[in-house]
Amino acid sequence: MELNNKSLFKEKCYVNGSWVESQSGDFLEVNNPATQEIIGKVPKFTKDETKKVIENANDAFQTWKNTTAKERSVILKKWGDLIVENVEDLAKIMTIEQGKPVAEAKGEILMGASYIEFYAEEAKRVYGDIIPDPRPGKRIVVIKQPVGVVGAITPWNFPNSMITRKCAAALAVGCTAVVKPASQTPYSALAVAELAHRAGFPKGVFNIITGSAKDIGLELTKNPMVRKISFTGSTEVGKILMEQSASTVKKVSMELGGHAPFIVFDDADLNEAVTGAMQSKFRNSGQTCICSNRIFVHEKVYDEFLEKFSAEVKKIKVGNGLDEGVVSGPLIDKSSLDKVIDHVQDAVNTGAKIAVGGDVHSLGGNFYQPTVLSHVTTKAKITFEETFGPVAPLYKFSNDEEVINLANDTPYGLASYFYSRDISRVWKIAEALEYGIVSINNGLPTIAEIPFGGVKESGMGREGSKYGLDDYLVIKYISMGGI
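Report on the accompanying structure. (Residues numbered from 1 in each chain as written. Predicted model: local features only at pLDDT ≥ 70, side-chain atom pairs only at ≥ 80, totals over all residues. Heavy atoms only, no water.)

## Quick notes on the pairing of strand β4 (residues 38-43)
Note the cut-off: Strand pairing is assigned whenever DSSP identifies at least 2 bridges connecting the two strands. Strands here are runs of E lasting at least two residues and helices are runs of H or I lasting at least four, both read from the DSSP assignment and numbered beginning at the N terminus.
As paired strands, strand β3 (residues 27-31) and β4 are joined by five bridges and run antiparallel to one another. Residue Glu 29 lies in a different strand from β4, and its bridge partner there is Lys 41. Between the antiparallel neighbours β3 and β4 lie six residues, among them Gln 36 with a positive phi of about 70°.

Here you go:
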């Protein structure tokens with residue numbers, strides 16, 4: 001791997017301020033989804049090794065929680081600055097292990113740095129309250145304190161920004177963190193750990209461990225020293241982690257599956273709607289939790305939107321993310337490819353027509369053609385299951401009430417999108433959509449300043465914004481008498 005700073009490519013875990021192998025010598029191999037080549041290997045930590053890391057983090061918490069907010073802020077800012085300085089190398093590492101185009105990887109890394117910058121500033125604004133006491137001679141004081149050791153389990157689709165979004169908030173308020181990155185993309189996590197080390201975090205404050213998700217996850221959820229679990233991933237796994245965390249009554253925040261509707265009303269600016277749909281649907285080859293999964297278009301503008309949208313999708317250049325001009329990379333693995341193939345075939349079998357693409361790409365491997373399906377029926381699997389691939393199914397609707405019912409007909413409630421220029425409709429639809437995020441005339445709603453999170457089976461808690469601190473804090477009420 002040709003890097004300007006070769007020390008960013010680590011094949012050891014970062015534990016208690018040091019780089020370590022697994023005691024057994026066992027390891028996991030990591031491959032490049034674009035070429036299938038083995039990139040390298042990382043340690044396979046056991047349950048017992050994870051327990052020791054948690055103990056180190058708990059010891060570090062006793063000191064870190066007592067550092068001033070300003071001290072924590074200074075270190076966080078340095079960490080963020082180092083990430084920005086090394087964006088080229090970090091992007092290359094991400095593209096090689098995850099597959100997304102380099103330009104897109106750079107965007108994610110800068111987004112990740114923006115979370116650190118935001119929380120470095122918010123660290124100094126964790127305020128409590130003084131509440132008037134109706135009883136004479138007494139005072140009521142409310143303070144906020146860090147919850148403790150945080151177990152963060154992060155996904156492969158955003159291997160940098162999901163770590164920084166969780167850990168910047170946790171570290172800012174005085175928590176310590178043990179991070180388990182996805183086994184498909186550990187190197188992005190280990191690279192940011194190297195930069196965290198250079199930034200000056202004390203030993204044990206920030207730790208990255210790799211290995212079996214089942215073994216490490218079980219220890220993180222069952223260990224009473226871990227007081228908070230933050231997870232981004234599938235709803236199925238999230239439910240398991242919640243059940244396991246119940247035994248010690250941990251705080252949990254869950255950013256789980258999505259099935260985002262994208263609605264185009266008859267008064268929409270169609271060119272803007274097409275641009276937004278392209279941004280929402282095909283970013284990261286459709287492998288994001290807030291990708292538009294069901295595109296509902298009003299019958300009056302359906303044909304025109306389909307024509308304009310299809311024309312843009314045909315322009316997407318597919319290939320290795322390291323190559324010039326590539327917009328869409330590979331899917332992460334074969335099982336993801338198989339799911340896309342199944343969803344497209346099922347949609348066709350239930351009445352859909354292929355407008356663009358519709359097959360595996362000529363590049364082979366994990367590549368699939370950017371695809372548009374027209375006249376999709378509500379009987380298709382793709383109507384109810386998250387595809388996580390570059391497939392855009394289009395549905396026709398005739399009125400507002402109908403499309404709201406269609407959009408809300410899912411157990412998920414993470415992100416939603418719609419395009420309209422009617423101010424009355426904008427308010428009504430925004431309030432009617434059962435989603436944690438409603439993006440109006442905007443295909444890219446995610447920035448550090450917004451409270452990211454869902455409702456229903458898409459999870460609980462919020463990441464980003466000032467509200468993102470709440471999941472890492474506990475409220476303490478202090479009653480003072482004899483005054």
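## Digging into unusual backbone geometry
Unusually for a residue other than glycine, Val 249 sits at a positive phi of about 50°. With respect to the helices and strands, Val 249 occurs in the loop between α8 (235-245) and β11 (251-255). With a phi angle near 55°, Asn 284 is a residue other than glycine that sits in the positive phi range. Mapped onto the fold, Asn 284 is located in the loop between α9 (270-282) and β13 (292-298).

## Describing the environment of Lys 476
The condition that has to hold: By the convention used here, residues are in contact when the closest approach between their heavy atoms is within 4.5 Å. Polar contacts, as used here, are pairs of N or O atoms within 3.5 Å; protein pairs need one atom able to donate a hydrogen and one able to accept it. Residues neighboring in sequence count only if both atoms are side-chain atoms.
Along the polypeptide, Lys 476 turns up in strand β22 (residues 473-480). Spatially, the C-alpha atoms of Lys 476 and Ser 18 are 35 Å apart, while their sequence positions differ by 458 residues. Sequence-distant contacts of Lys 476, defined by excluding residues within four places in its chain, comprise Val 141, Val 142, Ile 143 and Gln 145. Separated by 3.0 Å, the side chains of Lys 476 and Gln 145 make a polar contact.

## Description of the packing of aromatic side chains
Selection rule: Aromatic pairs are defined between Phe, Tyr and Trp rings, using the six-membered ring for Trp, whenever the two ring centres lie within 6.5 Å; interplanar angles under 30 degrees are classed as stacked, those over 60 as edge-to-face, and all others as tilted. Throughout this description, buried means an accessible area under 20% of the type-specific maximum (1.4 Å probe, protein chains only), exposed means over 50%, and partly exposed covers the range between. Throughout this description, the term charge over a ring refers to an Arg CZ or Lys NZ atom that lies within 6 Å of the ring centre and within 35 degrees of the ring normal.
A complete count under the given rule lists 14 aromatic pairs for this structure. With a centroid separation of 5.7 Å and 85° between ring planes, the pair formed by Phe 265 and Phe 397 is classed as edge-to-face. Of this pair, Phe 265 sits in the loop between β12 (260-264) and α9 while Phe 397 sits in strand β16 (residues 391-397), and the two are 132 residues apart along the sequence. Ring centres of Phe 282 and Phe 309 lie 6.2 Å apart, and the angle between their planes is 35°; on these two criteria the pair is classed as tilted. Of this pair, Phe 282 sits in helix α9 while Phe 309 is found in helix α10 (residues 302-313), placing the two residues 27 residues apart along the sequence. For the pair shown, Phe 282 and Phe 309 are each scored as buried. Pairwise contacts between aromatic rings join Trp 64, Trp 79, Phe 201 and Phe 206 into one cluster. The ring of Phe 452 carries Arg 165 above its face, with NZ or CZ at 4.1 Å from the centroid.

## Let's talk about the pattern of salt bridges
Rule in force here: Between Lys or Arg on one side and Asp or Glu on the other, a salt bridge is scored when a side-chain nitrogen of the former is within 4 Å of a carboxyl oxygen of the latter.
Under the defined criterion, the tally for this structure stands at 18 salt bridges. Arg 425 is paired through a salt bridge with Asp 266; the nearest N and O atoms lie 3.2 Å apart. One end of the pair, Arg 425, is in helix α13 (residues 423-432); the other, Asp 266, is in the loop between β12 and α9, and 159 residues separate them in sequence. With relative accessibility at 28%, the residue Asp 266 sits in the partly exposed group. Via salt bridges that share partners, Arg 165, Lys 166, Glu 255 and Glu 463 belong to a single interconnected network.

## Details of the state of the cysteines
Rule in force here: Defined by distance alone, a disulfide is two cysteine sulfur atoms within 2.5 Å.
If you walk through the whole model with that rule in mind, you get zero disulfides. You can see Cys 13 has no disulfide; the closest cysteine sulfur is in Cys 167, sitting 15 Å from it. Among the residues examined, Cys 13 registers a relative accessible area of 0% and is labelled buried.

## What to know about a negative patch on the surface
Here is the rule: A patch is a set of surface residues, each over 30% in relative accessible area and not in a salt bridge, joined within 9 Å for like charges and within 5 Å for the nonpolar side chains Val, Leu, Ile, Met, Phe, Trp and Tyr. Accessible areas in this description were obtained via Shrake-Rupley with a 1.4 Å probe; residue shielding takes into account the shown protein chains only. Just so you know, the count uses Lys and Arg for positive and Asp and Glu for negative, and it drops His and the chain ends. The atoms used to mark charge sites are NZ of Lys, CZ of Arg, CG of Asp and CD of Glu.
A cluster of like negative charges, contributed by Asp 81, Glu 85, Glu 117, Glu 121 and Glu 449, occupies part of the molecular surface. Those elements that provide at least two residues to the negative patch are α2 (69-85) and α4 (102-122). Tracing the chain through its elements places Glu 449 in the loop between β19 (437-440) and β20 (455-456).

## Examining the packing of helix α1 (residues 47-64) against helix α7 (residues 213-222)
The condition that has to hold: Under this scheme, a helix contributes an axis fitted over its contacting stretch, all axes are lines through C-alpha atoms, and angles between N-to-C directions fall in the 0 to 180 degree range. Oblique is the label for every angle not falling under 35 degrees (roughly parallel), over 145 degrees (roughly antiparallel), or within 65 to 115 degrees (roughly perpendicular). We call a crossing left-handed when the near helix sits turned anticlockwise from the far one by less than a right angle, and right-handed when that turn is clockwise. Classes in brief: Ala, Val, Leu, Ile, Met, Phe, Trp, Tyr, Cys and Pro nonpolar; Asp, Glu, Lys and Arg charged; the others, Gly included, polar.
The N-to-C vectors of α1 and α7 enclose an angle of 40°; their axes lie 9 Å apart at closest approach. By the angle class used here, α1 and α7 are oblique. The interaxial crossing formed by α1 with α7 has right-handed handedness. Here Lys 47, Thr 50, Lys 51 and Ile 54 of α1 lie close against α7, whose contacting residues are Asp 215, Ile 216, Leu 218, Glu 219 and Leu 220. Here the residues of the contact of α1 with α7 are counted per class, giving four nonpolar, one polar and four charged.

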